[in-house]
Amino acid sequence: MFASSPRPSTLHLPQGDWHTVLDCLCAHFPAISRDTWLDRIARGRVLDAQMQPIDAAQAYRVGMRIHYFREVPNETPVPFEERILHVDEHLVVADKPHFLSVMPAGEYVNETLLARLSKRLGNTDLVPIHRIDRLTAGLVLFSANRESRGAYQALFREREISKRYEAICPALPHLEFPLRRRLCMVPGDPFFLMREGEDEPNSETLIEVLERRGDLWRYGLSPISGKKHQLRLHMATLGAGICNDPFYPELLERSEREADDYARPLKLLARGLQFRDPLTGERREFESTLQLDW
C-alpha cells in the first residue's frame, strides 16, 4: 500500500545524455528503482507540462517540465498532533510537533504538516512561507491565498520578520550574555551538514539566557540571518550543542539518527514570529503554545 502526495512535485529535467524521460528519472533519483518508475508511469503518476500522463518511451529533452506524485510504501504515522493557531483569508499559522516534516520529503508524504493542514482546512493551495527542520517544533506560517503569497514571502526574503527560538543546551557559565554569535557557515560532509568555515561571517544569532537549571540552561535564540542548521551549529561551536541533536556537535551513526526516539526530541522550539502585515500595515505577533520539557 502506498501513501501518495495529494499534489505532484515538479522537476525540470537537467542536462544529460539520456534518451528517455524514464532514463533521466532513474539517474536523477537513484534510490528509486526503474521498475518503480515504470509502475508509476503505467498508473499515470508521472505527467508532462500539460498535466498529461507520459509513457515509458517519452523522449528526453533538457529543461522539460515533469510532474510526479511522490509515493511511500507503508508510511509510518507520526504520533503527535499539530495545532492550528490562526486562520484568515491569507494566512494559516500552526504549531508543528517534533518529528513532523513541514513538506513531503524522504519517507514522508501524508505524515507532513502541509498534507495534514490541507486536508483539515480543505485548502489544497496552502504553501509554507518558511520551513523548520523535521526535528524542530513550533510555529510555521502558511500562505492560504496565491494572490497575496508574494507579499508575505518577501517578509522572509527581505528579513522583515522577527523570529524567536528557545533551546535547552548545556550551561556556558564562562560566557557573558546576551551575546551575538557570528560565524562563517559552509557546507559540510556529509552533504546534509553545515560546518564552520574560515571566511568572513555569513550568519548571526543573538543568544540570551532565559532560565538556568544546574548543568542545563534554556536559551533564547534570535537569528538575524537564516542559514540551514544555523542555530544548531552556532550553539554547538560555542560548546553547548542543543540537547538530543543527532547532527551536532557529533554526527550519530545512521542507524541511531534515523530511528526516531520520541522520548528524546530535539530541544529546539520556534517560539515566536513578529512582522508588519504587508497588506494592512498592522503589527502581527504569533506565539507558540508548546513548551520544551526539561
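Criteria and cut-off values
Counting starts from 1 at the beginning of each chain's written sequence and moves along it residue by residue. Under the rules for a predicted model, residues below a pLDDT of 70 receive no local features and side-chain atom pairs below 80 are neither given nor counted, while totals for whole chains, interfaces and linings still include all residues. Only hydrogens and water are set aside; all other atoms, that is, all heavy atoms of the structure, feed into the side-chain values. Aromatic contacts are taken between Phe, Tyr and Trp rings whose centres are within 6.5 Å, Trp giving its six-membered ring; a plane angle under 30 degrees counts as stacked, one over 60 as edge-to-face, and the others as tilted. Comment: elements are numbered from the N terminus, with helices defined as DSSP H or I runs of at least four residues and strands as E runs of at least two. Burial classes: relative accessible area under 20% of the type maximum marks a residue as buried, over 50% as exposed, and values in between as partly exposed (1.4 Å probe, protein chains only). Either the NZ atom of lysine or the CZ atom of arginine qualifies as a charge over a ring when it sits within 6 Å of the ring centre and within 35 degrees of the ring normal. Salt bridges are defined by distance alone: a side-chain nitrogen of Lys or Arg within 4 Å of a carboxyl oxygen of Asp or Glu. Residues belong to a common nonpolar core when they are buried Ala, Val, Leu, Ile, Met, Phe, Trp, Tyr or Cys residues joined through side-chain atoms within 4.5 Å. Contacts: residue pairs with any heavy atoms within 4.5 Å of one another.

A. Seen up close, the packing of aromatic side chains. Overall, the coordinates contain 14 aromatic pairs when judged by the stated rule. Consider the rings of phenylalanine 99 and tyrosine 262, whose centres lie 5.0 Å apart with planes at 80°: the pair is edge-to-face. Within this pair, whereas phenylalanine 99 is found in the loop between strand S7 (91-96) and helix H3 (113-121), its partner tyrosine 262 is found in the loop between helix H6 (254-258) and strand S16 (268-276), the two being separated by 163 residues in sequence. A residue is classified by how much of its surface remains accessible, and tyrosine 262, at 35% relative accessible area, is partly exposed. Through successive ring pairs, a cluster of aromatic residues spans Phe191, Phe192, Phe247 and Tyr248. The aromatic ring of tryptophan 37 is capped on one face by arginine 40, whose charged end is 4.9 Å from the ring centroid. In this structure, arginine 45 is placed above the aromatic ring of phenylalanine 69, and the distance from its NZ or CZ to the ring centre is 4.0 Å.

B. Fine view of the pattern of salt bridges. Applying the stated rule across the entire model yields 21 salt bridges. We note a salt bridge from aspartate 39 to arginine 43, for which the minimum N-O separation is 2.9 Å. Overall, the relative accessible area of 34% leaves aspartate 39 in the partly exposed class. Among the residues examined, arginine 43 registers a relative accessible area of 38% and is labelled partly exposed. Across the pair glutamate 287 and arginine 164 runs a salt bridge, and its minimum N-O distance is 2.6 Å. Pair noted here: glutamate 287 is in strand S17 (residues 283-287) and arginine 164 is in strand S10 (residues 161-170), with a separation of 123 residues, a long-range link. A residue is classified by how much of its surface remains accessible, and glutamate 287, at 39% relative accessible area, is partly exposed. Arginine 164 sits in the partly exposed class, given a relative accessible area of 32%.

C. Region of interest: the nonpolar core. If you look at the biggest cluster of nonpolar residues, it comprises 34 residues, and the most contacted ones within it are Phe142, Tyr219, Leu221, Met235 and Leu268. The set of elements that each furnish at least two residues to this core consists of S7, H3, strand S9 (137-143), S10, strand S14 (203-213), strand S15 (216-223), helix H5 (230-237) and S16. Residues in contact with phenylalanine 142, not counting those within four places in the same chain, are His90, Leu91, Val92, Val102, Leu113, Leu114, Leu117, Leu126, Val127, Pro128 and Ile129. Within the second largest apolar cluster, 15 residues are counted, among which are Val21, Cys24, Ile41 and Tyr60.

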